[in-house]
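Coordinate inspection notes
Below, each chain spelled out in residue letters.
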Amino acid sequence: MTCHPSISVVIPTIGRASLAGAVHSALTQSIAVSEIIVVADTTEPLSLPEDPRVRVVRTGPGSGGASARQLGIVQSTGDVIALLDDDDLWHPYKLERQLAEVADVKGSAWVVTCKCAVRQPGRREKIWPRTLITEDQSVADYLFTLHRFTLGDAMLQSSTLCFPRSMAFEVPLDYAPDSIHDEPGWLIELQRTVPDLVIRQVAQCYSIYNVSENSVSRRSVDVSERYIQWGREHLGDATARARGDYFLFSAVTAAASAQSLRGIRRSVVSGFSQGRPGVPAMLYAAAKFGRTALKQVTSHAQ
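Bear in mind the structure is a predicted one, so any value in this text is a computation, not a measurement. (Residues numbered from 1 in each chain as written. Predicted model: local features only at pLDDT ≥ 70, side-chain atom pairs only at ≥ 80, totals over all residues. Heavy atoms only, no water.)

1. A look at a nonpolar patch on the surface
Taken together, the side chains of Phe-149, Phe-272, Val-279, Met-282 and Leu-283 define a hydrophobic patch exposed on the protein surface, amounting to about 470 Å² of accessible area. The element best represented in the nonpolar patch is helix H10 (residues 279-301), accounting for 3 residues. Here Phe-272 lies in helix H9 (residues 261-274). Owing to a relative accessible area of 45%, Phe-272 belongs among the partly exposed residues under this scheme. (Patch = residues over 30% accessible without salt bridge, like charges linked within 9 Å, V, L, I, M, F, W, Y side chains within 5 Å. Areas by Shrake-Rupley, 256 points an atom, 1.4 Å probe, with all protein chains shown as cover. Salt bridge = Lys/Arg side-chain N within 4 Å of Asp/Glu carboxyl O. Helix = DSSP H or I, 4+ residues; strand = E, 2+ residues; numbered from the N terminus. Buried < 20%, exposed > 50% of the residue type's maximum accessible area, 1.4 Å probe, protein only.)

2. Topic: the environment of Glu-35
Relative to the helices and strands, Glu-35 is located in strand E2 (residues 35-40). A residue is classified by how much of its surface remains accessible, and Glu-35, at 8% relative accessible area, is buried. Other than its neighbours up to four places away in sequence, Glu-35 contacts Ile-7, Ser-8, Val-9, Arg-53, Arg-55, Ser-76, Thr-77 and Gly-78. A distance of 3.1 Å separates polar atoms of two side chains, one belonging to Glu-35 and the other to Arg-55. (Contact = heavy atoms within 4.5 Å. Polar contact = N/O pair within 3.5 Å; in protein donor to acceptor, adjacent residues only side chain to side chain.)

3. Looking at the state of the cysteines
Following the criterion strictly, the structure yields 0 disulfides and no others. Cysteine Cys-114 remains unbridged, with the sulfur of Cys-205 as its closest cysteine sulfur at 6.9 Å. Left unpaired, Cys-116 is separated from the closest cysteine sulfur, that of Cys-205, by 6.5 Å. Residue classification places Cys-116 among the buried positions, given a relative accessible area of 1%. (Disulfide = S-S within 2.5 Å.)

4. Points about the packing of helix H8 (residues 240-257) against H9
In the contact formed by H8 and H9, the axes pass within 8 Å of each other and the chain directions differ by 170°. Taken as axis vectors, H8 and H9 run roughly antiparallel relative to one another. Taking contact as the criterion, the partners of Arg-243, Gly-244, Phe-247, Leu-248, Ala-251, Val-252, Ala-255 and Ala-256 in H8 are, on H9, Gly-263, Ile-264, Ser-267, Val-268, Ser-270, Gly-271, Phe-272 and Gln-274. The residue makeup of the contact of H8 with H9, split by class, is 9 nonpolar, 6 polar and 1 charged. (Axes fitted to C-alpha atoms, helices over the stretch in contact; angles between N-to-C directions. Parallel < 35°, antiparallel > 145°, perpendicular 65-115°, else oblique. Nonpolar A, V, L, I, M, F, W, Y, C, P; charged D, E, K, R; others polar.)

5. Looking at the pairing of strand E1 (residues 7-13)
Taken across its 7 residues, E1 has 7 buried, putting it largely inside the fold. Neither face of E1 is exposed, since Ile-7, Val-9, Ile-11 and Thr-13 on one face and Ser-8, Val-10 and Pro-12 on the opposite face are all buried. Relative to strand E4 (residues 80-83), E1 runs parallel, the two being bridged by 4 bridges. Paired with Val-9 across the two strands is Ala-82, which belongs to E4. In the sheet, E1 pairs with E2 via 6 bridges, with the strands oriented parallel. Looking at the pairing, Val-10 lines up with Ile-37 of E2. (Pairing = 2+ DSSP bridges.)

6. Details of the pattern of salt bridges
For the structure on display, the rule yields 17 salt bridges. Across the salt bridge formed by Asp-104 and Arg-200, the nearest N and O atoms sit 2.6 Å from each other. In this pair, Asp-104 is assigned in the loop between helix H3 (94-101) and strand E6 (110-119) and Arg-200 in strand E9 (residues 198-210), connecting sequence segments 96 residues apart. The exposure class assigned to Arg-200 is buried, which follows from its relative accessible area of 17%. Residues Asp-222 and Arg-266 are paired through a salt bridge, measuring 3.4 Å at the closest nitrogen-oxygen approach. Of the two residues, Asp-222 is situated in the loop between E9 and helix H7 (224-234) and Arg-266 in helix H9; the sequence distance between them amounts to 44 residues. What makes Asp-222 partly exposed here is its relative accessible area of 25%. Counted as one network, the salt bridges with shared partners bring together Arg-16, Asp-86 and Asp-87.

7. Notes on the packing of H7 against H9
One can describe the packing of H7 onto H9 by two numbers: an axis separation of 10 Å at closest approach and a directional angle of 10°. Considering their axes alone, H7 and H9 lie roughly parallel with respect to each other. Side by side, H7 and H9 meet where Ser-224, Glu-225, Ile-228 and Arg-232 of the first sit next to Gly-263, Arg-266, Ser-267, Ser-270 and Gln-274 of the second. In terms of residue class, the contact of H7 with H9 is built from 1 nonpolar, 5 polar and 3 charged.

8. Focus on the packing of aromatic side chains
Across all of its chains, the model carries 6 aromatic pairs by this definition. Taken together, the ring pairs in this structure connect Phe-144, Trp-230, Tyr-246 and Phe-247 into an aromatic cluster. (Phe/Tyr/Trp six-rings, centres within 6.5 Å; stacked < 30°, edge-to-face > 60°.)

9. Examining H8
For H8, which comprises 18 residues, the first-to-last C-alpha distance of 25 Å matches the rise-based estimate of 26 Å (1.5 Å per residue) to within 8%. The largest bend in H8 comes to about 30°, at Tyr-246. Within H8, 16 of the 18 residues are buried, leaving the element largely enclosed by the surrounding structure. Of the residues trailing H8, Gln-259 is marked for its positive phi of about 55°. (Expected span 1.5 Å × (residues − 1). Bend = angle between axes of the 7 residues up to and from the residue.)

Quick look at the structure:
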């Protein structure tokens, strides 16, 4: 009989109606979890399944996801932490399969993730990532090197992450409170701090990532400068290709969502001055610039 470690599930929430479904998917895992800590970044009442393993911790409002997750981990008692967002869902065998993936890893320096089904209103469901991270690959190079014009090659989504509790004390999830990249930033810093860290990704899909309309809505304010600054601060030891691609994809996307041609130009300049972007990233940035310019012309003509 396999002896599994005690598992604490940490779910930050702003009180969305989908929370009950997320909690239920954690309660019905094939290996029983020890506790589910719901960290409420809201003062509103919550609707939750009745189960003695479910515990609510209040924070905020307005504390943010990273702070809520770290608070939940501090309050937890399990050996292993599994993160779950309040609008995502797990397959019943998710945790069992992930723990089997790292069963041969000695010590507690590991993180395991898996593929997820990406669901977005009005669009066909996708299974991402297409490419798995390798054990000798840096998180920054894996996440930010753009290999093709379309998305989905690389992903380490928050609701797929499972790791020993001690990892969140080596590097707290809220180590950079104002970060624009919570989980990627944490994983990059954790890999830098723990040189023998093992990151593995289950090749099958065991999680559902629900992308809400609010997640993809157009911004009214250009925040691309924050992305540029983050790249300069955190990607210094990434490859030149990953740095260049980051600026031409992530920073450009932020500028384009606010229809800022100036922000796009600034992001592109940063990409070429800070790295060596590849062709897919250059094509992506050019397309975003063209579409944004066209939108502005159309808007002024109306």
